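Summary of structural features
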Amino acid sequence: MPVAICVFMSANTHIGDFTVRTLSRRHQRILNRAEHVLIGLSPFNGYYKPRLVRDLVAWGHHHFDRTDVFIPGWETAHTLTGAGMSPRDAVHRSRRAAKRLRNAAVDALRSCGDTEPHTRVHTSTTLASRGAYTRLHERVRTEYARDPVVRAACRETAREALRTHCDGQPSEQQVDLAVSYPLAELPLILDSPAIFATESSVVVYHRELGPLTPLILGRSPTVWPVAGQGFAVVTPPPTALERREG
Amino acid sequence: MSRVDDFSPPLRYPFALGPHGTPPPVIAWARKHHPVCPVLLPSGQQVWMVTRKDDITRLLTQPVFSRDLVYPGAPRFVGEDFTAVPGGIFNLDGADHARIRHILAPHFTPSAAARHTEMIARHAEGLLDAMETGLNPADLVEAYAAPLPLRVSCEVLGIPLEQRAAYLDAFRTQTSLVVSAADVAAATAATLDLTEQIIKAKRADGDHNGPLGALVGAEAEGVLSDEELHGTASYLLVTGSEPLVPPLATGAVTLMRHPDQLNACVAEEELWPQAVDEVLRYHHNGVLGLPRVATEDVTLHGVRIAAGDGVCAPMLGATWDPRHYRHPEKFDIHRSGDMSATFGAGPHFCLGGAFARVFLTTAYAALFRRFPDLFLAVPEDDLPWQVDIQLIRPARVPVCW
Ligand code: HEM
């Protein structure tokens, strides 16, 4: 179902009950096409409760032609090992967190009438069967080694993630461990249209991606988002948030 | 998973896999309902597929089915891959084939293969050292299953790793099912370029060691034509390493999914050869074998295969045939029976069979000796199976220890 065309005045628009904020006119145009939305969920921070996941998925399903969900994969364990957890515990904790998100997303898709909900919930591992994802992943890993913009963006993202798990400033060695996580997600904000075989696609998340913003806005000399790539910050209506907290 | 009534001939290749890299369910369906089943290849050509073990043996052993596809318009998966290269061992019949096979055979006997054990173990340990000191969890494919076959094969063939690695993409394109016919032909040409460089170097050095050296020597003595030298050498480059990646990766997954049997092998390493045989029965490294062509009309199960028609067999059809293997869906390292059907039959029976067994035995033993508690870092249903290429394998296997 098409989204009502909104004029790009401020950064905020409303789609259904949700507030949607884009970073540029181009992203706004892509959002307005409403062809495909990729809903990014994140583990560990307690934000994505099943209720909220359900509301988000229902929102995507209602307003976009196609909806997919991305949940972080095994690389999140590197954030935890970076923060000092044993690999075994880190993997178990990551798997548990991913499972909770996945179950919530699958239930949500199913209650929207999706008969194959499992095929629309993705991780960096499941996407590795798609050439478009693996090629981009390889590319960003190569550029990480030589492009200072990519490097800084990924290291700062890893640092932020580490800070939520340990006190004080993470060391450079800790960041080395944790950087696989942003590297695994980067392909999705550069070319989710290719990965999901669509002309345009909007990645939505509950907050701005901070250090990755320069890459989203195309400021790296080596990797930049394709023309059909959008990004938006989506905030549920206060009622949904209250329910989340309640 | 697909239901039986989801299928109807002609089938379209590639087929959807079963769970955890097991054979496409359509093979069992075809074995039961259409033992000679029409299949549409990505090239748009239609071939017949036989799926019963006894029929597969017939296809592979009777001279009426020729391996010579070196002519325009021959059945191809996508385009002119290595089945189109003149002089290649894979593409010859009869006496010419036997002459080339005779030159290479001494390099691939079980005892010749066993002589590589130490070298394989050395490379395995080197990669495991790096894995152990690197990130945990890690991707087993990137850390071990992809690089080990390449390193080992370069040693066997006596060629520099960097030179060969530069052509990996060409090999992958040649076996891809989602590229254009022109891409495949270009990749085949690139592989022949690499072959030419390698042969030149071996001729210049007078290097007659190993299988490639033996071919160069035989050509110098007039036993082999220049075309046969190039065609066969290029096939050895293609086949020596990448076909080992799938069983190494997939087998490790299947072993981790059967911890009792894995633990038995770890405790008693003499069990590894049996485990390797069962992995190779359970998972072939691909699905549909490359076509043969009928040289005269043949009728099989009431279906007329006309002269000129292409015929293919999935080796998994043989190794999962319930008439020959009880409960084929059960992974059981203690199974007995014909444990070499995965390598084909007849004159083209896999030349590298003994070597593949030694390689996998050494590689699994080293991996699980180092990490006896290795486990999957993701749910097994998440593993990304690649189906857009002839070789079936998980693109990644995140593991933890
Ligand atoms: C586990 C891994 C492998 C499997 C499952 C496998 C399987 C097969 C099969 C089924 C054939 C017969 C094809 C046909 O008749 O249509 C074959 C042929 C062949 N294989 Fe393998 N193979 C493996 C690894 C290797 C390796 C490592 C080498 C290399 C040295 C190798 C070299 C060959 C050659 C040269 C032929 C052609 C033989 C001929 O035409 O006379 N294979 N393989």
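Residues numbered from 1 in each chain as written. Chains lettered and ligands numbered in written order. Predicted model: local features only at pLDDT ≥ 70, side-chain atom pairs only at ≥ 80, totals over all residues. Heavy atoms only, no water.

Per an unreviewed UniProt entry, chain B is named Cytochrome P450, and its organism is Streptomyces natalensis ATCC 27448.

A short note on the environment of F375 of chain B
As for its placement among the helices and strands, F375 of chain B is situated in strand β10 (residues 375-376). Look at F375 of chain B and you get buried, because its relative accessible area is 15%. The spatial distance from the C-alpha of F375 of chain B to the C-alpha of W320 of chain B is 27 Å, given a sequence separation of 55 residues. Contact partners of F375 of chain B, with chain neighbours within four places excluded, come to R88, V91 and H92 of chain A together with M256, P398, V399, C400 and W401 of chain B. (Helix = DSSP H or I, 4+ residues; strand = E, 2+ residues; numbered from the N terminus. Buried < 20%, exposed > 50% of the residue type's maximum accessible area, 1.4 Å probe, protein only. Contact = heavy atoms within 4.5 Å.)

Focus: the sheet that holds strand β13 (residues 398-400) of chain B
Strand pairing in a sheet is mediated by backbone hydrogen bonds. Such pairs are either parallel or antiparallel. All names here are of chain B. Judged by pairing direction, the sheet is antiparallel, and its three strands sit side by side in the order β5-β13-β10 without closing on themselves. Looking at which strands have only one partner, the edges of the open sheet turn out to be β5 (138-139) and β10. Bridge count between β5 and β13: two bridges; the pairing is antiparallel. Across the sheet, D139 pairs through a bridge with P398, a residue of β13. (Pairing = 2+ DSSP bridges.)

Observations concerning the pattern of salt bridges
Applying the stated criterion to the full structure yields 33 salt bridges over all chains. A salt bridge links E35 of chain A to R33 of chain A; the shortest N-O distance between them is 2.9 Å. By relative accessible area, R33 of chain A is classed as partly exposed at 42%. In this structure, R304 of chain B engages D297 of chain B in a salt bridge whose closest nitrogen and oxygen atoms are separated by 3.0 Å. Residue R304 of chain B is classed as exposed on the basis of its relative accessible area of 51%. Assessed through its relative accessible area of 43%, D297 of chain B is described here as partly exposed. Through salt bridges that share partners, R155, E156, R159, R163, E172 and D176 of chain A make up one connected network. (Salt bridge = Lys/Arg side-chain N within 4 Å of Asp/Glu carboxyl O.)

Examining helix α1 (residues 25-33) of chain A
Residues and elements named next belong to chain A. Turning to α1, its buried residues number three or more, namely H27, Q28, I30, L31 and N32. Looking at the buried positions of α1, the neighbouring elements they touch are β1 (12-15), β2 (18-22), β6 (201-205), α10 (213-216) and β7 (229-235). Trailing α1 by a residue or two, A34 shows a phi angle of about 55°, which is positive.

Some details on the confidence of the model for chain A
Mean pLDDT over chain A works out to 88, with 92% of the residues at or above the 70 mark. Across residues 1-10 of chain A the pLDDT falls below 50, and counting only partners more than four positions away or on other chains, this stretch makes 21 contacts in the model. (pLDDT = per-residue confidence, 0-100.)

Examining the coordination of the iron atom of the ligand
Coordination of the iron atom of the ligand by the protein comes from a single atom, C350 of chain B (SG), at 2.3 Å. Positionally, C350 of chain B belongs in the loop between α16 (315-319) and α17 (353-370). (Donors = N, O, S within 2.8 Å, 3.2 Å for Na, K, Ca; no water.)

As for the layout of surface pockets
By volume, the second largest pocket is sized at about 1300 Å³. Lining the second largest pocket are 31 residues, with T119 of chain A together with L17, D381, L383 and W385 of chain B sitting closest to its centre. Counting only elements with at least two residues in the lining of the second largest pocket, the list comes to α4 (87-111), β5 (121-122) and α5 (124-127) of chain A. (1 Å grid on protein atoms, 1.4 Å probe; cavity = no way out; pocket = protein on both sides within 12 Å on 5 of 7 lines; lining within 4 Å. Points joined across faces, edges and corners; volume = space filled by probe spheres on them.)

Observations regarding the packing of helix α6 (residues 131-146) of chain A against helix α7 (residues 148-163) of chain A
Residue and element names in this part refer to chain A. The contact between α6 and α7 brings their axes to 6 Å, and the two run at 100°. Looking at the two axes, α6 sits roughly perpendicular to α7. When α6 is examined against α7, the residues V140, E143, Y144, A145 and R146 are found in contact with a partner set consisting of P148, V150, R151, C154 and R155. Residues of the contact of α6 with α7, tallied by class, amount to six nonpolar, no polar and four charged. (Axes fitted to C-alpha atoms, helices over the stretch in contact; angles between N-to-C directions. Parallel < 35°, antiparallel > 145°, perpendicular 65-115°, else oblique. Nonpolar A, V, L, I, M, F, W, Y, C, P; charged D, E, K, R; others polar.)

Thoughts on the packing of aromatic side chains
Applying the stated criterion to the full structure yields 16 aromatic pairs over all chains. Plain terms: the ring middles of F371 of chain B and W401 of chain B are 4.6 Å apart, the flat faces sit at 35° to each other, and that makes the pair tilted. Here F371 of chain B is found in the loop between α17 and β10, whereas its partner W401 of chain B is found in the segment after β13, with 30 residues between them in sequence. Neither F371 of chain B nor W401 of chain B differs from the other in exposure class; each is buried. Put simply, the rings of F18, W59 and F64 of chain A pair up and form one aromatic cluster. The positively charged end of R151 of chain A is found above the aromatic ring belonging to Y144 of chain A, 4.8 Å away from the centroid. (Phe/Tyr/Trp six-rings, centres within 6.5 Å; stacked < 30°, edge-to-face > 60°. Lys NZ or Arg CZ within 6 Å of the ring centre and 35° of its normal.)

Description of the environment of D338 of chain B
Residues and elements named next belong to chain B. Counting through the fold element by element, D338 comes out in the loop between α16 and α17. Looking at D338, the relative accessible area reads 34%, which means it is partly exposed. The spacing of D338 and S176 is 162 residues in sequence and 31 Å in space, taken between C-alpha atoms. If we skip the residues at most four places from it in the chain, D338 touches K53 and Y325. There is a polar contact of 2.9 Å between the side chain of D338 and the side chain of K53. (Polar contact = N/O pair within 3.5 Å; in protein donor to acceptor, adjacent residues only side chain to side chain.)

Focus: the site of the ligand
Residue and element names in this part refer to chain B. Taken together, 27 residues lie near the ligand, and R67, H97, R101, H348 and C350 sit nearest. In the environment of the ligand, an oxygen atom lies 2.8 Å from a nitrogen or oxygen atom belonging to the side chain of R292. H348 is positioned with one of its side-chain polar atoms (N or O) 2.5 Å from an oxygen atom of the ligand. Assessed atom by atom at 2 Å from the grid points, the ligand resides in the largest cavity. Contributions of two or more residues to the shell around the ligand are made by α3 (94-104), α12 (226-239) and α17. (Near = heavy atom within 4 Å. Sits in = over half its atoms within 2 Å of the grid points.)

Regarding the sheet that holds β2 of chain A
Residues and elements named next belong to chain A. Taken in spatial order, the seven strands line up as β1-β2-β7-β6-β3-β4-β5 in an open sheet, and their pairing is mixed. Two strands lie at the open edges of the sheet, namely β1 and β5, each paired on one side alone. Both strand β3 (residues 36-40) and strand β4 (residues 66-70) contribute to a ladder of five bridges, which runs parallel. Note on β4: the bridge partner recorded for L38 is D68. The strands that α1 touches are β1, β2, β6 and β7; relative to β7, the one it contacts most, it runs at about 80°.

Regarding empty space enclosed by the protein
Residue and element names in this part refer to chain B. Per the counting criterion, the structure on display carries nine cavities of 30 Å³ or more. Together, 48 residues line the largest cavity, and F90, Y235, T239, N285 and C350 are the ones closest to its centre. Elements with a contribution of two residues or more to the lining of the largest cavity: α2 (53-61), α3, α7 (147-157), α12 and α17. The element contributing the most residues to the lining of the largest cavity is α12, with four residues. Considering the residues around the second largest cavity, the lining is formed by L150, R164, Y167, L168, A170, F171, T191, L194, L237, V238, S241 and E242. Taken together, the elements giving at least two residues each to the lining of the second largest cavity come down to α9 (168-174), α10 (181-205) and α12. Partitioned by chemical class, the residues of the lining of the second largest cavity number eight nonpolar, two polar and two charged.

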